[in-house]
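Here is how the chains run, residue by residue.
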Amino acid sequence: MSSNKNLILYIFLSMIFICDNIGMYKDIEILRYIGQLFFIMYIYYYYQTYNNIKKKEKLIINIGSLILAIISQPFFLYGLELSTTFNMLFLIPIISLQIESLKKIKNYWLIIIINFFLLTFCLFVGIDYSWFAIIFILLFFYLDNLYYVFGILVVIITTFVLLFNITLLTYFSLIGLIIIKLLDNNEKIYFNKPYSILILNSIVSITWILIYFFL
């Protein structure tokens, strides 16, 4: 990806993340709709970047993201008024483990068990967006065609809306896939500098801290 595209993505992802969190903390619905674009795009670019960086860089990104998650956790909880929800940065080591298991393990039953365990663990401890992340990674790994991913996600989200009464707001995240497809231009998109994800995670962490002090 060119430097210009990297910069545009940084600005775009940062802005929609800020919109989502201001909308969440201040209960501004239109900002929540805009913010729904963030997570699916974030996971997609993390997945693609992770597959194109070295082992040492993966380790640094995972450790750095975990440190940021721990530091920003108290500030993240401020707007939610909860005590048992962990912020999305805690997902980074988990989805990294998921990606590695998908790449190295050939036994499908074992893959199913590992992914079921990861999903159950995330839901049990209460990590934000966890079921989305696990499912997104599986779809991105097994399906090269984003149109197939879109169709399957429509079915999955509809099922969760009907069975578990999750908000219809979730459908708006699918627009993120459309934006990815427009930017894709028949090539796999990823940040060409390996620590771009860590910088983006820092922006995420700083956003929670700034919201705590100024909103």
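Residues numbered from 1 in each chain as written. Predicted model: local features only at pLDDT ≥ 70, side-chain atom pairs only at ≥ 80, totals over all residues. Heavy atoms only, no water.

**Some words on the environment of Leu 146**
Here is the rule we go by: Think of it this way: any DSSP run of H or I at least four residues long counts as a helix, any run of E at least two long counts as a strand, and we number them from the N terminus. Here's how the labels work: a residue is buried when its accessible area is under 20% of the maximum for its type, exposed when over 50%, partly exposed in between, all with a 1.4 Å probe on protein chains only. Residue contacts are defined here by distance: any two heavy atoms, one from each residue, within 4.5 Å place the two residues in contact.
For Leu 146, the location among the structural elements is in helix α7 (residues 146-164). Here Leu 146 falls in the buried class, since its relative accessible area comes to 7%. For the pair Leu 146 and Lys 181, spaced 35 residues apart in sequence, the C-alpha separation works out to 7.0 Å. If near-sequence neighbours (up to four positions away) are discounted, Leu 146 is found in contact with Tyr 44, Phe 140, Leu 177, Ile 180, Lys 181 and Asp 184.

**Some points on helix α6 (residues 130-142)**
Short version of the rule: Helix span, expected: 1.5 Å multiplied by one less than the number of residues in the helix.
Helix length check: α6 (13 residues) gives 19 Å between terminal C-alpha atoms against 18 Å at 1.5 Å per residue, within 8%. Among the 13 residues that make up α6, 10 are buried, leaving the element largely enclosed by the rest of the structure. Looking at α6, one finds that the buried residues are Ser 130, Trp 131, Phe 132, Ala 133, Ile 134, Ile 135, Phe 136, Ile 137, Leu 139 and Phe 140. Lining the buried residues of α6 we find α2 (29-50), α4 (91-104), α5 (108-125), α7 and α8 (174-184).

**Some thoughts on unusual backbone geometry**
The backbone of Tyr 129 shows a phi angle near 65°, a positive value even though the residue is not glycine. Looking at the element boundaries, Tyr 129 is found in the loop between α5 and α6.

**Quick look at the packing of α7 against α8**
Test applied: Lines fitted to C-alpha atoms define the axes here, with helix axes fitted over just the stretch in contact, and angles between the N-to-C directions of these axes take values from 0 to 180 degrees. For classification purposes, angles smaller than 35 degrees are called roughly parallel, those larger than 145 roughly antiparallel, those between 65 and 115 roughly perpendicular, and all remaining angles oblique. Under the scheme applied, nonpolar residues are Ala, Val, Leu, Ile, Met, Phe, Trp, Tyr, Cys and Pro; charged residues are Asp, Glu, Lys and Arg; polar residues are all the others, including Gly.
Contact geometry for α7 and α8: axes closest at 10 Å, N-to-C directions at 175°. Classed by the angle they form, the pair α7 and α8 counts as roughly antiparallel. Of α8, the residues touching α7 (which contributes Leu 146, Tyr 147, Val 149, Phe 150, Leu 153, Val 154 and Ile 157) are Leu 174, Leu 177, Ile 178, Ile 180, Lys 181 and Asp 184. Each residue belonging to the contact of α7 with α8 can be placed in one class, and the counts come to 11 nonpolar, no polar and two charged.

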